[in-house]
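If you want the building blocks of each chain, they are given just below.
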Amino acid sequence: MNILRCENVTKTYQLGQSEVKALDGLNLAIEKGKLTVIVGASGSGKSTLLHMLGGVDRPTSGKIWIEDTDISTLSEKQLSVFRRRKVGLIYQFYNLIPTLDVKQNILLPLLLDGQKPEEESFRELSDTLGLSDRLSHLPSQLSGGQQQRAAIGRALIYRPAVLLADEPTGNLDRKNSEEILALLKLSNKRYHQTIVLITHDERIALEADRVITIEDGRILQDSRQSGGEWRV
Ligand SMILES: Nc1ncnc2c1ncn2[C@@H]1O[C@H](COP(=O)(O)OP(=O)(O)OP(=O)(O)O)[C@@H](O)[C@H]1O
Ligand SMILES: [Mg+2]
């Protein structure tokens, strides 16, 4: 089953007199429960694609479905609520709220919806994240790896349809990168969390179910792995 789909998506940025075509008629379907990696040179359109897929920004033309919802039919307000519930986003720089502690940061999507967190599942998540003894720390009182784990917690708290990660290990040393990757893989295996991840790290790409290479706003290559065998 496809959980995320885009059809003929283009994105053109207007910069003064000149136009930048960041996405050029892109078609893509992401299967539920898979770990999909997006690679490509700097400026090829990876982040732009991720933003379109997550409804962070709207395409110039084309359509995007998250589960069965054509997100172009949603108003800005509907889209922001939809996104909060259905899309988890992780960035290279963690984007935590500096004045909120770890627990509040992780629970933020629920709190914004006026929902009460379930203590039991929150405890399980914070244990998995390895943050149980850091819940009352502010982001500035955490290491980079811990901040990214808190950001992952916030992205996962709603059990979103899809987790979108833009170079989540780009700012971390090798050990922390490996821990973050292990955590993402755990959520993929244990909770069947669908993940789309942009990375420059070939080791991560090798462990994915699928690797999509983007060039000049188009898909250059699309390879899938099963049982250690890759096919294009
Ligand atoms: N807000 C913007 N205004 C104008 N041009 C933009 C904007 N955002 C991105 N671009 C351009 O669109 C193209 C794709 O950018 P994008 O950020 O998607 O690349 P990327 O593949 O994520 O690169 P990187 O690996 O460096 O993060 C680039 O040429 C970039 O300069
Ligand atoms: Mg980018």
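Residues numbered from 1 in each chain as written. Chains lettered and ligands numbered in written order. Predicted model: local features only at pLDDT ≥ 70, side-chain atom pairs only at ≥ 80, totals over all residues.

The name recorded for the protein chain in an unreviewed UniProt entry is Peptide ABC transporter ATP-binding protein, from Eisenbergiella tayi.

Structural notes on the overall build of the protein chain
Quick note on the threshold: What counts as a helix is a DSSP run of H or I of at least four residues, what counts as a strand is a run of E of at least two, and both are numbered from the N terminus. Field definition: a residue is buried when 20 or more other C-beta atoms are found within 10 Å of its C-beta, exposed when 12 or fewer are, and partly exposed for counts in between, with C-beta atoms placed from the backbone. For the purpose of contact definition, each residue receives a C-beta atom placed from its backbone, and two residues are in contact when these atoms lie within 7 Å.
What the protein chain contains, in helices and strands, is seven helices and 11 strands. Its C-alpha atoms give the protein chain principal-axis dimensions of roughly 50 × 45 × 35 Å. Counting only residues that meet the buried cut, the protein chain has 38% of its 232 residues in that class. Across the protein chain, contacts joining residues at least 24 apart in sequence account for 70% of those joining residues at least 6 apart.

Digging into the packing of helix H4 (residues 119–129) against helix H5 (residues 144–156)
This is how it is decided: To get an axis, fit a line to the C-alpha atoms, keeping to the stretch in contact for a helix; angles then go from 0 to 180 degrees between the N-to-C directions. In this scheme the handedness of a crossing depends on how the near helix is turned from the far one: anticlockwise by less than a right angle means left-handed, clockwise means right-handed. Polar here means any residue outside two lists: the nonpolar Ala, Val, Leu, Ile, Met, Phe, Trp, Tyr, Cys and Pro, and the charged Asp, Glu, Lys and Arg; Gly therefore counts as polar.
In the contact formed by H4 and H5, the axes pass within 10 Å of each other and the chain directions differ by 145 degrees. Seen along the crossing, H4 lies across H5 with a hand that is right-handed. Each of Leu125, Ser126 and Leu129 in H4 lies in contact with H5, whose residues at this interface are Arg149, Ile152, Gly153 and Leu156. Split by residue class, the contact of H4 with H5 holds four nonpolar, two polar and one charged.

Remarks on the UniProt feature "domain: ABC transporter" (unreviewed entry) in the protein chain
As a reminder of what qualifies: UniProt positions are given in the numbering used here, feature names are shortened, and annotations may be inferred rather than shown by experiment.
The UniProt record annotates "domain: ABC transporter" (unreviewed entry) at residues 4–232. In residues 4–232, the share of helix is 33% and the share of strand is 31%. The end C-alpha atoms are 20 Å apart.

Thoughts on the pairing of strand S10 (residues 218–226)
Short version of the rule: In short, DSSP must find at least two bridges between two strands for them to pair.
Two strands pair when backbone bridges link them, and strand S9 (residues 210–215) and S10 are joined in this way by six bridges, in the antiparallel orientation. The partner of Thr213 across the bridge, within S10, is Gln221. The turn linking S9 back onto S10 is made up of two residues, and Asp216 within it adopts a positive phi angle of 50 degrees. Of the strand pairs in this sheet, S10 and strand S11 (residues 229–231) are connected by three bridges, and their pairing is antiparallel. Residue Gln225 lies in a different strand from S11, and its bridge partner there is Trp230. Between S10 and S11, which pair antiparallel one after the other, the connecting turn spans two residues, and Gly227 there sits at a positive phi close to 55 degrees.

A look at the sheet that holds strand S2 (residues 18–31)
What the four strands build is an open sheet, ordered S2-S1-S4-S5; its pairing is antiparallel. Each of the sheet's edge strands pairs with one partner strand only, and the pair in question is S2 and strand S5 (69–70). In terms of strand pairing, strand S1 (residues 2–15) meets S2 through 11 bridges, oriented antiparallel. What sits directly across from Thr12, in S2, is Lys21. Of the strands in this sheet, S1, S2 and strand S4 (61–66) touch helix H1 (residues 46–53), which is tilted by about 125 degrees from S1.

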